[in-house]
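# Architecture at a glance
As a plain string of letters, each chain reads:
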Amino acid sequence: MSNKNFITGLTIIITILCLYYLSFSLISRKVQGEATDYTRNLDGSVNQLKKQKYLDSVWNLPVFNLLGVEFTYKEIKETELNLGLDLQGGMHVTLEISPIDIIKGLSRDSQNPAFLKSLEEAKNSIKGTGLNFIDEFYKAFQKNAPNQKLNYIFANATNRGKITLQTTDEEILKIINDEVENAIGRSFNILRTRIDKFGTSQPNIQRLAGTGRIQIELPGVDNPQRVRKLLQSAARLDFFEVLEIGEKDLVSTLNNINKLLLSQENIEKSSSSVKKDSLVGTPSQNSLESLLLDPTAKSEKDTASLVSQLQQDSSNLNTGEASLLLRLLKSNQGGLMYSPKDVATISQLLEKPEVKNLIPSTIKFLWASKPFSPRGGTSTEEEFIELYPIKTLRGGTSKLSGEAIADAQQDFDQNARPSIAMQMNANGTKIWRKMTAENTGRRIAIVLDNYVYSAPTVQGEIPSGNSSITGNFTLEEAKDLANVLKAGTLPAPTTIVEDVVIGPTLGKEAQIQGIVSTIAGLMSVVIFMIMYYAKGGIIANIALLFNIFFILGVLAQFSAALTLPGIAGIVLTMGMSVDANVLIFERIREELRNGSTFKTSITIGYNKAFSAIFDSNATTFIIGMILYNFGQGPVKGFAITLMIGIVSSFFTAVFITRVIINFLYSKRKENSNITFETGLFKNFLIGISYKFIENRRKAYLFSLTFIVIGFIALFAKGGLNMGVDFTGGRSYIVIFNTPVVTSDIKVGLGEVFGKAGTEVKTYGSDNIIKITTSYLINDDSEETDGKVTQTLIAGLEKITKKKYIENESLLDNNSFSIGSGSRVSGTIADDIKKSSVISIVVSLIAIFLYILIRFRRAEFGLGATIALFHDVLFVIAAFAIVNVFGITYEIDQVFIAAILTLIGYSINDTVVVFDRIREKIGMRKEYEQVSTINHAINDTLSRTVITSSTTFLTVLVLFLFGGDVLKSFSFTLLVGIVIGTYSSIFIAAPIVIDFKRKNK
């Protein structure tokens, strides 16, 4: 192997990188463990608020030193391997921005009948289609008002300067599209700021491309109702005057606060003591006042000099207070500047009742929306966040709100630097003129949801209402601020279309299931490979361990979240990763039986197996990409793990095992030192000469009979058991301390929920049940979720005579708790159904094209595609047949992931058979081709059975230990592995001959 040094070097580099990135996960767990220990109460419970405060306090502090390089906790969290919501509990929310309200806002709520009818028709026509709402609206408008133009609707005061009676429909549609896109971006920015309030570690928010949806994940959130309220509440934009440090009212307020805090503390006069609660360290009221009111104390140099002087003059000012005072006057404007880690402490300080009593009703303190770095972000130690003293009207209101803004957009100033152009309406122009005249040379804060996004300095009176906001903006920051300013202009309400809450108890249980299934799957493969391939099996197992290690390391490098389906992907990869080794080892054994030397057998075995290994991995990788593009939530996590596993297993199985074998051979130079078979399985399935092609019609008849029976059962039972993903509805996991009778609960809830469909079944054990209902599913109001939950709780209390408690850890025989809940709207359910069908169709087309290109014969592509379609129908039939016997599995997104995985796995076997057929068939005549295909199938039979057996073992482990979440997934693959192996032999290869004859 000429490139063994390169492979060895690359393996070492990848190993070091994986160790490097996985080390961050270990350090993160260590810090979180310290936070848990620090905040544990005497009864063993953990104060989550204190824990989050502790983690906030170390956010920007070094917690890890690697070879002299220090990493803060923030940097650690950005690089660690995260756990998904299903493994730690939390909340997953998908919000949808309604384009209807935005368009109505642009029309100034026009009551034109054709306009309103077109909006309603567009809303109905896009359900489950993925079509563009605005395009569908325009089609409907042209039909309903053929003689009208859009300018008749949209040429109004709201769009003055943008839309006139001369503006064409195409131009108006572009404006509407831009407004909708901006509204989504605006909502995204608002929500991104809001989720920081939830006190969760590593919240995640992302826009779903091509949709008006925003997806939010909040690990560890413990108040879902508060989350829903904050996510859906309307944005509030205001303009406030900023009080500067030198103003007497502010100085007096700060002095009174500090005087109170210092009087509350047990002050140590030692110069080494540090005060944590001091807002702005102070030696005395008089000396602080003189410093704050000194107009020359504006630069860092002057501030440092004054602080140094105060340290010498006053025994009361210690090192900690001097540091806080220096931050107080850090900027040229004399703003209140703090380290981000101090934000939580100072916010709590300002919320103290005795402190709030000292703050006048015309002053309030607001934080900046994000920190800044004086050195441009080159050092985390240089990051600061400003606390703005805001001047308000009585009651805390502003002189000017966002309703006064007519438009705002990103622009460029005279020096070609990004800026924001803002236009006020008539009433806003009057107020803005007065505000800017009174505040020339001072700052006015732009505040959204009580966060200051910008505080530009007024250069002079602005009489026209057209303003230009300049500053040190990047292009993205200027766009963001323009979107913020438009927050009060057009309505862009958000609707929760998907809502999943997972309690910590179920999260912990999922972790245990994941660990058990991973260890059991690994052990089953390791033992099997050693039993079958002896020393060759040990080498394959070493490669397998490298494979798992590399998968986890790459996931950590991408800061990906490890979910339960992701763990399923790893377990499945274990079975599939030895597939390549089986193929190689079977080739080596074949060459050894033919009398080749050990060295020659190794070379030929790896060379001949390479094309089949490459093709089978490539087809499965294609399936992974399709899964990632069309899947959502946990399915994406599974797809990422699967794709990483495919690349990793290819590298470890093909290259690392060969390096190990060559190394062992070069040391001993004896063939007997490395064996690839044991006495137990010697010559297993060797010498078989079954006539597969001649018996193909029996296989066709068996498959057709089974599928027909399955679909008869399917229609007899009223179809498959569709999960909430495909039907819409709410689903709850309810935990009891003792077993319950599901039939009694179903009857009782039927009376509570009325005509709405309700299903109740056990979930893993007889004391945990899953309740699914369509009750009030079409009601999107904010109160509905709470109403349904309360109705469910009341119904369960009446039926079971047990009391509901929120804290799962306090469960007893007389109570129950809701471990998790989810809601999927009808709209998103339609989209999921559509994307599922598309993903399966695209997969089959992609496989056909790949086989066609690689094998250059249409009959190979058709044979593979028909066999895969056969596998899908066979699995659906199997689901229907077991349903007749009372074994019910839900059809959800994870089921679709299993179907696509089955397609990827089944094609592996087919590719191997086709590869051997291609190798043997050459230019033989038709009657010789039949014999050759039989020989090719028989020659690869041992490999087919062994690879299926190893994968079947790992999936069986998932079925037994993976929990109810993965039951339908693992059952699909259990059936699929068996039938996929069968179809590769009895369906795909024979169809090649049938199509070849038909073409002739």
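Everything numeric here is computed off the predicted structure, so don't read it as measured data. (Residues numbered from 1 in each chain as written. Predicted model: local features only at pLDDT ≥ 70, side-chain atom pairs only at ≥ 80, totals over all residues. Heavy atoms only, no water.)

## Remarks on the overall build of the protein chain
- What the protein chain contains, in helices and strands, is 33 helices and 23 strands.
- Looking at the protein chain residue by residue over its 1000 residues, the buried ones come to 53%.
- Long-range contacts, defined as pairs at least 24 residues apart, comprise 74% of the intrachain contacts of the protein chain with a sequence gap of at least 6.
- Roughly 44,300 Å² of accessible area belongs to the protein chain as shown, and the carbon and sulfur atoms make up 56% of that amount. (Helix = DSSP H or I, 4+ residues; strand = E, 2+ residues; numbered from the N terminus. Buried < 20%, exposed > 50% of the residue type's maximum accessible area, 1.4 Å probe, protein only. Contact = heavy atoms within 4.5 Å. Areas by Shrake-Rupley, 256 points an atom, 1.4 Å probe, with all protein chains shown as cover.)

## Considering the confidence of the model for the protein chain
- The pLDDT averaged across the protein chain works out to 77; a share of 82% of its residues lies at or above 70.
- Contacts of residues 266-333 to residues separated by more than four positions or lying in other chains number 119 contacts, the stretch itself having pLDDT below 50. (pLDDT = per-residue confidence, 0-100.)

## Some details on the nonpolar core
- The biggest cluster of nonpolar side chains holds 137 residues, and the ones touching the most others in it are Ile851, Ile903 and Phe914.
- If sequence neighbours within four positions are ignored, Ile851 has contacts with Arg856, Phe860, Gly861, Ala864, Ile907, Val911 and Phe914.
- By size, the runner-up hydrophobic cluster in this structure holds 39 residues, among which are Leu95, Leu119, Ile172 and Ala183. (Core = buried A, V, L, I, M, F, W, Y, C linked by side-chain atoms within 4.5 Å.)

## Details of the packing of helix H20 (residues 535-557) against helix H21 (residues 564-593)
- Taken N-terminus to C-terminus, the directions of H20 and H21 make an angle of 140°; their axes are 10 Å apart at the nearest point. Here H21 runs oblique to H20, going by the angle between their axes. The interaxial crossing formed by H20 with H21 has right-handed handedness. Facing H20, whose interface residues are Gly536, Gly537, Ala540, Ala543, Leu544, Asn547, Ile548, Ile551 and Leu552, H21 presents Ile570, Thr573, Met574, Ser577, Asn581 and Phe585. (Axes fitted to C-alpha atoms, helices over the stretch in contact; angles between N-to-C directions. Parallel < 35°, antiparallel > 145°, perpendicular 65-115°, else oblique. Left-handed = near helix turned anticlockwise from the far one by under 90°.)

## Comments concerning the pairing of strand S23 (residues 815-824)
- With 10 of 10 residues buried, S23 is to be regarded as a mostly interior element.
- As judged from the five bridges shared by strand S17 (residues 494-502) and S23, these two strands associate in the antiparallel manner. Bridge assignment links Ile502 to a residue of S23, and that residue is Ser820.
- Of the strand pairs in this sheet, strand S19 (residues 729-736) and S23 are connected by eight bridges, and their pairing is antiparallel. Bridge pairing in S23 places Tyr732 opposite Gly821.
- Sheet topology places strand S22 (residues 803-804) next to S23; two bridges connect them, and they run parallel. Note on S23: the bridge partner recorded for Tyr804 is Phe816. (Pairing = 2+ DSSP bridges.)

## Here we look at the sheet that holds strand S12 (residues 405-412)
- With antiparallel pairing, three strands are arranged side by side in an open sheet as S12-S13-S16. One side of each edge strand has no neighbouring strand; the edge strands of this open sheet are S12 and strand S16 (466-469). The average angle at which neighbouring strand axes cross in this sheet is 20°, direction not considered.
- Of the strand pairs in this sheet, S12 and strand S13 (residues 418-424) are connected by seven bridges, and their pairing is antiparallel.

## Considerations on the pattern of salt bridges
- Counting across every chain of the model gives 16 salt bridges.
- With a closest N to O distance of 3.7 Å, Asp37 and Arg40 form a salt bridge.
- Judged by its relative accessible area of 53%, Asp37 falls in the exposed class.
- For Arg40, a relative accessible area of 40% translates into the label partly exposed.
- The network of salt bridges with shared partners includes Glu241, Lys391, Lys399 and Glu438. (Salt bridge = Lys/Arg side-chain N within 4 Å of Asp/Glu carboxyl O.)

## Points about the packing of helix H1 (residues 4-38) against H20
- At a minimum axis distance of 8 Å, the contact between H1 and H20 shows a crossing angle of 55°. It follows from the interaxial angle that H1 and H20 lie oblique. The interaxial crossing formed by H1 with H20 has left-handed handedness. Where H1 approaches H20, its residues Thr11, Ile14, Thr15, Cys18, Leu19, Tyr21 and Leu22 are matched on the opposing element by Phe546, Phe549, Phe550, Leu552, Gly553, Val554, Ala556 and Gln557.
- Residues belonging to the contact of H1 with H20 are distributed by class as follows: 11 nonpolar, four polar and no charged. (Nonpolar A, V, L, I, M, F, W, Y, C, P; charged D, E, K, R; others polar.)

## Quick notes on helix H17 (residues 426-438)
- In a regular helix each residue adds 1.5 Å, so 13 residues correspond to 18 Å; H17 covers 19 Å between its end C-alpha atoms and thus fits that length.
- For H17, every residue scored as buried is listed here: Gly428, Thr429, Trp432, Met435 and Thr436. Taken down its axis, H17 places every buried residue within 135° of arc, on the same side. Those residues of H17 that are exposed and aimed more than 90 degrees away from the buried face are Ala426, Asn427, Lys430 and Lys434.
- Two to three positions downstream of the cap, the backbone nitrogen of Asn427 sits 3.4 Å from a side-chain oxygen, assigning the N-cap of H17 to Asn425. (Expected span 1.5 Å × (residues − 1). Arc of directions from axis to C-beta. Polar contact = N/O pair within 3.5 Å; in protein donor to acceptor, adjacent residues only side chain to side chain.)

## Some remarks on a nonpolar patch on the surface
- A cluster of nonpolar side chains, namely Ile512, Val516, Leu956, Leu960 and Phe961, defines an oily patch on the protein surface of about 420 Å² accessible area.
- Contributions of two or more residues to the nonpolar patch are made by helix H19 (504-533) and helix H32 (941-961).
- Along the chain, the position of Phe961 falls in helix H32. (Patch = residues over 30% accessible without salt bridge, like charges linked within 9 Å, V, L, I, M, F, W, Y side chains within 5 Å.)

## Brief notes about the packing of aromatic side chains
- Scanning the entire structure with this criterion turns up 35 aromatic pairs.
- Ring plane angle 90° and centroid distance 5.0 Å describe the contact between Tyr20 and Phe24, whose orientation is recorded as edge-to-face. Placement of both Tyr20 and Phe24 in helix H1 is noted, with a separation of four residues, approximately one turn of the helix.
- Ring plane angle 65° and centroid distance 6.5 Å describe the contact between Tyr20 and Phe71, whose orientation is recorded as edge-to-face. With a gap of 51 residues between them, Tyr20 in helix H1 and Phe71 in strand S2 (residues 69-72) connect regions that are remote in the sequence. (Phe/Tyr/Trp six-rings, centres within 6.5 Å; stacked < 30°, edge-to-face > 60°.)

## Re the environment of Val578
- In this structure, Val578 sits in helix H21.
- Overall, Val578 belongs to the buried group, its relative accessible area being 1%.
- Residues Val578 and Met529, 49 residues apart in the sequence, show an inter-C-alpha distance of 8.4 Å.
- Residue contacts for Val578: discarding those within four places in its chain leaves Val525, Met529 and Thr950.

## A look at helix H6 (residues 113-125)
- The terminal C-alpha atoms of H6, which comprises 13 residues, lie 18 Å apart, in line with the 18 Å expected from a rise of 1.5 Å per residue.
- Listing the buried residues of H6 in full gives Ala114, Phe115, Ser118, Leu119 and Ala122. Relative to the axis of H6, the buried residues are bounded by an arc of 140° and lie together on one face.
- Structurally, H6 contributes buried residues whose contacts are with helix H5 (99-106), helix H7 (133-144) and helix H8 (151-154).

## Remarks on the environment of Leu873
- Summarising the element assignment, Leu873 is placed in helix H29 (residues 858-884).
- Take Leu873: its relative accessible area is 23%, and that puts it in the partly exposed class.
- Between the C-alpha atom of Leu873 and that of Ser703, which follows or precedes it by 170 residues, the distance is 9.5 Å.
- Setting aside residues no more than four positions away along its own chain, Leu873 makes contact with Ile707 and Phe711.

## Side note on the side chain of Thr652
- Position of Thr652 relative to the elements: it lies in helix H23 (residues 634-668).
- Residue classification places Thr652 among the buried residues on the basis of a relative accessible area of 2%.
- A distance of 3.2 Å separates the side chain of Thr652 from the backbone oxygen of Ser649, its partner in a polar contact.
- Setting aside residues up to four positions removed in sequence, Thr652 forms contacts with Ala543, Phe546, Asn547, Phe550 and Thr657.

## Topic: the environment of Ala988
- Within the element layout of this structure, Ala988 appears in helix H33 (residues 967-999).
- Classification of Ala988 by relative accessible area gives buried; the value is 0%.
- Considered as a pair, Ala988 and Gly863 are 125 residues apart in the sequence and their alpha carbons are 4.5 Å apart.
- Beyond its immediate chain neighbours, meaning those up to four positions away, Ala988 contacts Gly863, Ala867, Thr910, Phe914 and Ser983.

## Here we look at unusual backbone geometry
- In the Ramachandran plot, Arg108 falls in the positive-phi region, its phi being about 60° despite a non-glycine side chain.
- As for its placement among the helices and strands, Arg108 is situated in the loop between H5 and H6.
- For Ala534, which is not a glycine, the phi torsion comes out positive at approximately 55°.

## Quick look at the side chain of Thr910
- Of note, Thr910 is situated in helix H30 (residues 893-921).
- A polar atom in the side chain of Thr910 sits 3.0 Å from the side chain of Ser984.
- Non-local contacts of Thr910, meaning those with residues more than four positions away in its chain, are made with Ala864, Ser984 and Ala988.

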